[in-house]
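Listed here are the chains, written in short residue letters.
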Amino acid sequence: MEGITMAAIEINAENFEEKVIRSDKPVLVDFWAVWCGPCSMMSPIIEQIGEELADKLIVGKVNCDENMELAQQYKVAGIPAFFLFRRLHRFRLAFQFSV
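Draft legend 1. Layout of the state of the cysteines. Counted under the stated rule, the structure contains one disulfide. One disulfide in the model links Cys36 with Cys39; its S-S distance is 2.4 Å. Handedness of the Cys36-Cys39 disulfide follows from its S-S torsion of about 80°: it is right-handed. Given the relative accessible area of 4%, Cys39 is considered buried. Looking at Cys64, it has no disulfide partner, and the nearest cysteine sulfur is the one in Cys39, 7.3 Å off.

So, in structure tokens, the structure goes:
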């Protein structure tokens, strides 16, 4: 699947509860889309975080085009959007992009 590598797992509506909410580790979730230029620019950085912190953190990617309901549930107004989840707690990580 485009946009997903070994350092990141694919997150979707079917596995979100298991992979994110019930995870023993914090999960950094990247809401992205194939057509999104800033998403493509951030992808290598997110992948590097996943590789370097694999023992402490899980990196997951949600394709917003394929999982609109998750994007709406977490009020994703623009992408890329990053959330850090720890059990039932959610923290939005804010970034501003200039292209």
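Draft legend 2. Up close: the packing of aromatic side chains. Within this structure, the stated rule accounts for six aromatic pairs. Seen in terms of ring centroids, Phe31 and Phe83 are 5.4 Å apart; in terms of plane orientation they differ by 80°. Their pairing is edge-to-face. Of this pair, Phe31 sits in strand β2 (residues 27–32) while Phe83 sits in strand β4 (residues 81–86), placing them 52 residues apart in sequence. For Phe83, a relative accessible area of 1% corresponds to the buried category. Aromatic side chains Phe83 and Phe85 sit 6.2 Å apart centroid to centroid with 40° between the ring planes, which places their arrangement in the tilted category. Note on accessibility: Phe83 and Phe85 belong to one class, buried. Taken together, Phe16, Phe31, Tyr74, Phe83 and Phe85 form an aromatic cluster joined through their ring pairs.

Draft legend 3. Representation of helix α2 (residues 37–52) in the model. Here α2 is 16 residues long and its end C-alpha atoms lie 24 Å apart, about the 22 Å a rise of 1.5 Å per residue gives. A bend of about 35° at Ser43 is the largest found in α2, and the proline Pro44 appears one to four places after it. Regarding α2, the residues found buried are Pro38, Cys39, Met42, Ser43, Ile46, Glu47 and Gly50. Tucked inside the fold, the buried residues of α2 contact β1 (8–10), β2, β3 (58–63) and β4.

Draft legend 4. Looking closely at the confidence of the model for the protein. Put simply, the protein has an average pLDDT of 86, and 82% of its residues get 70 or more. Averaged over each element, pLDDT in the protein is lowest for strand β5 (residues 89–93) (60) and highest for β3 (96).

Rules used throughout
- Residues numbered from 1 in each chain as written.
- Predicted model: local features only at pLDDT ≥ 70, side-chain atom pairs only at ≥ 80, totals over all residues.
- Heavy atoms only, no water.
- Disulfide = S-S within 2.5 Å.
- Buried < 20%, exposed > 50% of the residue type's maximum accessible area, 1.4 Å probe, protein only.
- Phe/Tyr/Trp six-rings, centres within 6.5 Å; stacked < 30°, edge-to-face > 60°.
- Helix = DSSP H or I, 4+ residues; strand = E, 2+ residues; numbered from the N terminus.
- Expected span 1.5 Å × (residues − 1).
- Bend = angle between axes of the 7 residues up to and from the residue.
- Contact = heavy atoms within 4.5 Å.
- pLDDT = per-residue confidence, 0-100.

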